[in-house]
Amino acid sequence: MTDEGDDVSARLGARGAFPQVPDHWLPHLDRLDRELAAIDPDYQVSQVKETYDGLRFQLPPTLHQAPCCELWLSVNPSPDRQDVPAWKAWCARQGEHEQTIAHERQVADWRARRAAMRDLIAIAERESYTW
Ligand SMILES: [Zn+2]
């Protein structure tokens, strides 16, 4: 295995999934990882493996589509659902957050980046037949 291969294996491992692929795929994964990181430097991956029909490169499902929501939740932890008035008030505040321009911008940005990443992954998965 080349140093480059070790490097991309370690990088993908740190992102969540050590690649389970033939060694000669690693330079291709190195390029894919760099392209994805250019879109989202902190992206995570849940699976990188060889299947009968080629590369399978899966991004994990994400709980929040915008960083602002994680921040909002850290400042506004959800109350006990049994406390109905508090729960309703919290839901209303969350609804207000989701109607802010900042939130809508972040979600639109997140969706655009995610779509661009999915396109790159789809191309790599198709091309993996010829790797
Ligand atoms: Zn938000």
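Only a predicted model underlies this, so the values are computations on that prediction, with no experimental measurement involved. Each chain carries its own residue numbering, running from 1 in the direction its sequence is written. Reporting in this predicted model follows two pLDDT cut-offs: at least 70 for local features of residues, and 80 or more for side-chain atom pairs to be given and counted; totals over whole chains, interfaces and linings ignore these cut-offs and use all residues.

Colleague: Describe the overall build of the protein, and please don't skip the residues or the numbers.
Modeller: Secondary structure summary: the protein contains five helices and two strands in total. Within these notes, the globule rule equals 2.2 Å times the number of residues to the 0.38 power, and the radius of gyration is based on C-alpha atoms. Expected size for 131 residues packed as a compact globule is a radius of gyration near 14 Å; at 19 Å, the protein overshoots this value by more than 25%. For the C-alpha atoms alone, the extent of the protein along its principal axes is close to 60 × 30 × 25 Å. With C-beta atoms placed from the backbone, a residue is labelled by how many other C-beta atoms lie within 10 Å of its own: buried for 20 or more, exposed for 12 or fewer, partly exposed between the two. When burial is assessed residue by residue, the protein has 15% of its 131 residues classed as buried. Sequence separation of 24 or more characterises 60% of the internal contacts of the protein that already satisfy a separation of 6 or more. Secondary structure elements are taken from DSSP: a helix is a run of H or I of four residues or more, a strand is a run of E of two residues or more, and numbering for both begins at the N terminus. Residues are scored as being in contact if the C-beta atoms we place from backbone atoms lie within 7 Å.

Colleague: Outline the environment of Q44, supporting the account with residue identities and numerical values.
Modeller: Its place among the elements puts Q44 in the loop between α2 (26-39) and β1 (47-51). Classification of Q44 as exposed rests on a count of 12 C-beta atoms within 10 Å. Separated by 27 residues in the primary sequence, Q44 and A17 have C-alpha atoms spaced 8.4 Å apart.

Colleague: Could you give me a rundown of helix α4 (residues 84-98), with the residues and numbers involved?
Modeller: Each turn of an α-helix holds 3.6 residues, which means side chains three or four residues apart point in the same direction. Between its first and last C-alpha atoms α4 spans 21 Å; for 15 residues at 1.5 Å apiece the expected length is 21 Å, and the two agree. Summarising burial for α4: zero of the 15 residues are buried, a small minority. Helix span, expected: 1.5 Å multiplied by one less than the number of residues in the helix.

Colleague: Which residues make up the nonpolar core, and what values do they have?
Modeller: Think of a nonpolar core as buried Ala, Val, Leu, Ile, Met, Phe, Trp, Tyr and Cys residues, each tied to the set through C-beta atoms within 7 Å. Counting residues in each nonpolar core, the largest one holds 14 residues, and the members touching the most others are L12, V21, L29, V48 and F57. Of all the elements in the fold, those that place two or more residues in this core are α1 (3-15), α2, β2 (54-58) and α5 (101-127). Per-element tally for this core: the top contributor is α2, with four residues. With residues up to four places along the chain from it excluded, the contact list for L12 reads A17, F18, P19, L29, D33, V45 and V48.

Colleague: Explain the pairing of β2 to me, using residue names and the numbers behind them.
Modeller: The side chains of a regular strand alternate, residue by residue, between the two faces of the sheet. Each pair of strands is called paired provided DSSP finds at least two bridges between the two strands. Relative to β2, β1 runs antiparallel, the two being bridged by five bridges. Among the inter-strand pairings, Q47 is bridged to a residue of β2, identified as Q58. In textbook terms, the turn of a hairpin is the stretch between consecutive antiparallel strands, and for β1 and β2 this stretch comprises two residues.

Colleague: Report on the environment of R118, specifying residues and quantitative values.
Modeller: Along the polypeptide, R118 turns up in helix α5. Sequence separation between R118 and D23 is 95 residues; the distance between their C-alpha atoms is 23 Å.

Colleague: A description of α2 should follow, citing residues and the corresponding values.
Modeller: Over its 14 residues, α2 extends 20 Å from the first C-alpha to the last, a length consistent with the 20 Å expected when each residue adds 1.5 Å. Among the residues of α2, L26, L29, L32, D33 and L36 are the ones counted as buried. The buried residues of α2 all sit within an arc of 115° when viewed along its axis, so they share a single face. The exposed set on the far side of α2, more than 90 degrees from its buried face, consists of R34 and A38. The directions considered for the arc run from the helix axis to the C-beta atoms.

Colleague: So what's going on with the packing of α2 against α5? Which residues, and what values?
Modeller: Fitting a line to C-alpha atoms yields each axis, with helices limited to the stretch in contact; the angle taken between N-to-C directions then spans 0 to 180 degrees. α5 packs onto α2 with a crossing angle of 170° between their chain directions and a minimal axis gap of 10 Å. Between α2 and α5, the interaxial angle falls into the category roughly antiparallel. For the pair α2 and α5, contact is made by H28, L32, E35, L36 and I39 and by R113, A116, M117, L120 and A124, respectively. The classification used treats Ala, Val, Leu, Ile, Met, Phe, Trp, Tyr, Cys and Pro as nonpolar, Asp, Glu, Lys and Arg as charged, and all other residues, Gly among them, as polar. Its residues assigned to classes, the contact of α2 with α5 comprises seven nonpolar, one polar and two charged. By definition in this entry, angles of less than 35 degrees are roughly parallel, angles greater than 145 are roughly antiparallel, angles of 65 to 115 are roughly perpendicular, and the rest are oblique.

Structural measurements only, silent on function.
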